[in-house]
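Working through the structure, step by step
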Amino acid sequence: MATESHISVNGHTHVLYKENALSQEELIKQSEDFYKLLDERRSVREYADIPVPKEVIETLIKTASTAPSGAHKQPWTFCAVSNSVLKTKIRAAAEAEEKESYESRMSERWKKDLEPMGTNMYKPFLEDAPWLIIIFKKVHDLDADGKKVNNYYVNESVGIAAGMLITAIHNAGLVTLTHTPSPMNFLAKLLGRPSNERAFLLLPVGYPKAPTYVPDIERKPLNEVSEFYE
Ligand code: IYR
């Protein structure tokens, strides 16, 4: 029987999946090469004063937005900021929250755990990086009449999209870090986001300042992060 180009499921069209099967050998090589590429990714806190074309940011966001999501609701908005006045406002508000966090909200244990990373309450990358991408999660959607419409597995969906964005940024030879000023509601205010959106993660994007040093840390080996049941 000839393969149909599309079929109907519950009255909805399903199209033929374009499969990309590799030979065993290519499979091993391609997965290893991608691992090696991603193993070089590091969170970078210092950014060069070099612009990144808007077109690149658009492509990175389109890539992240290919992420799977609960019932394909795509419950995210990626806000890309290059406006320096806005970046300065974001930095000021983030540092005010971080000052409060480092001085009173974070436990001594937490601050000790962060010592190897060299983080502190100062966030110059919020002004130095050519772009900030702030990911908002949509806790629900709003229909044309402003009525609430459900989204599903919002944190999982947006978390996956964030991971794909980080991967795409690294693949483009750019750097980022996951900044989570807490609380983050100042971001929705500064960016004028609608009531159904909550800030999820802030990612500066740019080229690393040269030279840049990153913490000399190791990743857990496979046997510590996995269990196989064969
Ligand atoms: N949000 C703070 C603190 C911080 C917390 C963790 I956990 C980190 O891995 C890094 C930083 C900050 O951005 O400095």
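Scoring rules and cut-offs
Residues numbered from 1 in each chain as written. Predicted model: local features only at pLDDT ≥ 70, side-chain atom pairs only at ≥ 80, totals over all residues. Heavy atoms only, no water. Phe/Tyr/Trp six-rings, centres within 6.5 Å; stacked < 30°, edge-to-face > 60°. Buried < 20%, exposed > 50% of the residue type's maximum accessible area, 1.4 Å probe, protein only. Near = heavy atom within 4 Å. Polar contact = N/O pair within 3.5 Å; in protein donor to acceptor, adjacent residues only side chain to side chain. Areas by Shrake-Rupley, 256 points an atom, 1.4 Å probe, with all protein chains shown as cover. 1 Å grid on protein atoms, 1.4 Å probe; cavity = no way out; pocket = protein on both sides within 12 Å on 5 of 7 lines; lining within 4 Å. Sits in = over half its atoms within 2 Å of the grid points. Helix = DSSP H or I, 4+ residues; strand = E, 2+ residues; numbered from the N terminus. Nonpolar A, V, L, I, M, F, W, Y, C, P; charged D, E, K, R; others polar. Core = buried A, V, L, I, M, F, W, Y, C linked by side-chain atoms within 4.5 Å. Contact = heavy atoms within 4.5 Å. Lys, Arg positive; Asp, Glu negative; His and termini not counted. Salt bridge = Lys/Arg side-chain N within 4 Å of Asp/Glu carboxyl O. Pairing = 2+ DSSP bridges. Axes fitted to C-alpha atoms, helices over the stretch in contact; angles between N-to-C directions.

This part covers the packing of aromatic side chains. Geometrically, a pair of aromatic rings is defined through the distance of the ring centres and the angle of the planes. This model, assessed by the stated rule, comprises one aromatic pair. Relative to Phe-78, the ring of Trp-76 lies with its centre 6.5 Å away and its plane at 55°, an arrangement referred to as tilted. Exposure class is identical for Trp-76 and Phe-78. Each is buried.

The next subject is the site of the ligand. Lining the immediate surroundings of the ligand are Glu-98, Tyr-102, Met-106, Trp-110, Leu-114, Asn-120, Lys-123, His-179 and Thr-180. Within the contact set of the ligand, an oxygen atom lies 2.6 Å away from a side-chain nitrogen or oxygen of Tyr-102. Contact with the protein chains covers 70% of the free accessible surface of the ligand, which is 370 Å². Mapping the ligand onto the cavity grids shows that it belongs to the largest pocket. Taken together, the elements giving at least two residues each to the shell around the ligand come down to α3 (84-105) and α4 (108-114). Taken together, the residues of the shell around the ligand break down into four nonpolar, three polar and two charged.

The next point concerns the nonpolar core. Core analysis: the largest hydrophobic core is formed by 23 residues, its most contacted members being Ile-57, Leu-60, Phe-78, Ile-133, Ile-135, Leu-165 and Val-205. At the level of secondary structure, the elements contributing two or more residues to this core comprise α2 (54-64), β3 (76-81), β4 (131-138), α6 (154-171) and β7 (197-205). Excluding anything up to four places from it in sequence, Ile-133 contacts Ile-57, Ile-61, Phe-78, Cys-79, Ala-80, Leu-165, Leu-201, Leu-202, Leu-203 and Val-205. In this structure, Ala-94, Leu-132, Leu-191 and Ala-199 belong to the second largest nonpolar core, which totals 21 residues.

Right, let's talk about the side chain of Asp-141 for a bit. By the secondary structure assignment, Asp-141 is in strand β5 (residues 140-142). Comment: no salt bridge for buried Asp-141; closest opposite-charge side chain is Lys-138, at 4.2 Å.

One open sheet holds the three strands; their spatial order is β3-β4-β7, and the pairing between them is antiparallel. Sheet topology places β3 and β7 at the edges, where each strand pairs with a single neighbour. Looking at each pair of strands side by side, their axes are set apart by 20° on average, direction ignored. Here β3 runs beside β4; their pairing, made up of six bridges, is antiparallel. When the sheet's bridge partners are listed, Ala-80 is paired in β4 with Ile-133.

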